Amino acid sequence: MSKRVLAWVAAALCAGTAWAEDWQTVAELTAGGGTHEVALDRTVRVIGIEGVSGAATVAAVVVREGEAENPVAVERAFPPGEVQDIDLGYDRQVTGLQVRDGGQGVYRIRVK
């Protein structure tokens, strides 16, 4: 391999690592037709939902900013490896999330 190709590969790996470090996992939840509360106190621009195992379904995520509640409809299943990012449009001071789910499985909530 040439040095130029090796440099591109190294740059791509570093960029991927930097992207992964931007995300912080805030909860790993087991679906079962209920509501889960996730306490936060941080600035959030994007919420990510990722299927871990089984067939979890997420109906909605309610984004809490103090007393204000902003529901975001999701209405989809998350088999293992399936990911959806929810862009909130701008940086928000999120105090918590309420996640409504169904099905059976495990999914992860991450933020950046």
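Anything mentioned here points back to the structure above.
The structure contained in this document is the topic of the report that follows. (Residues numbered from 1 in each chain as written. Predicted model: local features only at pLDDT ≥ 70, side-chain atom pairs only at ≥ 80, totals over all residues. Heavy atoms only, no water.)

### Brief notes about the environment of aspartate 41
And step 1. With respect to the helices and strands, aspartate 41 occurs in strand β2 (residues 35-65).
And step 2. We classify aspartate 41 as exposed; its relative accessible area is 64%.
And step 3. Dropping the residues within four chain positions of it, aspartate 41 is found in contact with Gln93, Val94 and Thr95.
And step 4. A polar contact of 3.1 Å, which involves the side chain of aspartate 41, links it to the side chain of glutamine 93. (Helix = DSSP H or I, 4+ residues; strand = E, 2+ residues; numbered from the N terminus. Buried < 20%, exposed > 50% of the residue type's maximum accessible area, 1.4 Å probe, protein only. Contact = heavy atoms within 4.5 Å. Polar contact = N/O pair within 3.5 Å; in protein donor to acceptor, adjacent residues only side chain to side chain.)

### Some words on the packing of aromatic side chains
And step 1. Scanning the model with the defined rule gives zero aromatic pairs in all.
And step 2. A cation sits over an aromatic face here: arginine 110 above tryptophan 23, 3.8 Å from the ring centre. (Phe/Tyr/Trp six-rings, centres within 6.5 Å; stacked < 30°, edge-to-face > 60°. Lys NZ or Arg CZ within 6 Å of the ring centre and 35° of its normal.)

### Digging into the side chain of histidine 36
And step 1. With respect to the helices and strands, histidine 36 occurs in strand β2.
And step 2. In this structure the side chain of histidine 36 is engaged in a polar contact, spanning 2.8 Å, whose partner is the side chain of aspartate 101.
And step 3. The contact partners of histidine 36, leaving out residues within four places of it in the chain, are Leu29, Thr30, Leu97, Gln98, Val99, Asp101 and Tyr107.

### Observations concerning unusual backbone geometry
And step 1. Phi is positive for glutamate 75, close to 50°, though the residue is something other than glycine.
And step 2. Relative to the assigned elements, glutamate 75 resides in strand β3 (residues 68-78).
And step 3. We classify glutamate 75 as exposed; its relative accessible area is 61%.

### Considerations on the nonpolar core
And step 1. In terms of nonpolar packing, the biggest core is built from 22 residues, with Ile47, Ile49, Val58, Val61, Leu97, Tyr107 and Ile109 touching the most fellow members.
And step 2. Breaking this core down by element, the ones donating at least two residues are β1 (24-31), β2, β3 and β4 (83-111).
And step 3. With nine residues, the top contributor of residues to this core is β2.
And step 4. Residues contacting valine 58, with those up to four places away along its chain left out, are Ile49, Val74, Glu75, Arg76, Phe78, Val99, Arg100, Asp101 and Tyr107. (Core = buried A, V, L, I, M, F, W, Y, C linked by side-chain atoms within 4.5 Å.)

### Overview of the pairing of β4
And step 1. Of the pairings in the sheet, the one linking β1 to β4 comprises seven bridges and is antiparallel in character. Across the sheet, residue leucine 29 finds its bridge partner in β4, namely tyrosine 107.
And step 2. Pairing of β2 with β4 involves 29 bridges; the strand directions are antiparallel. (Pairing = 2+ DSSP bridges.)

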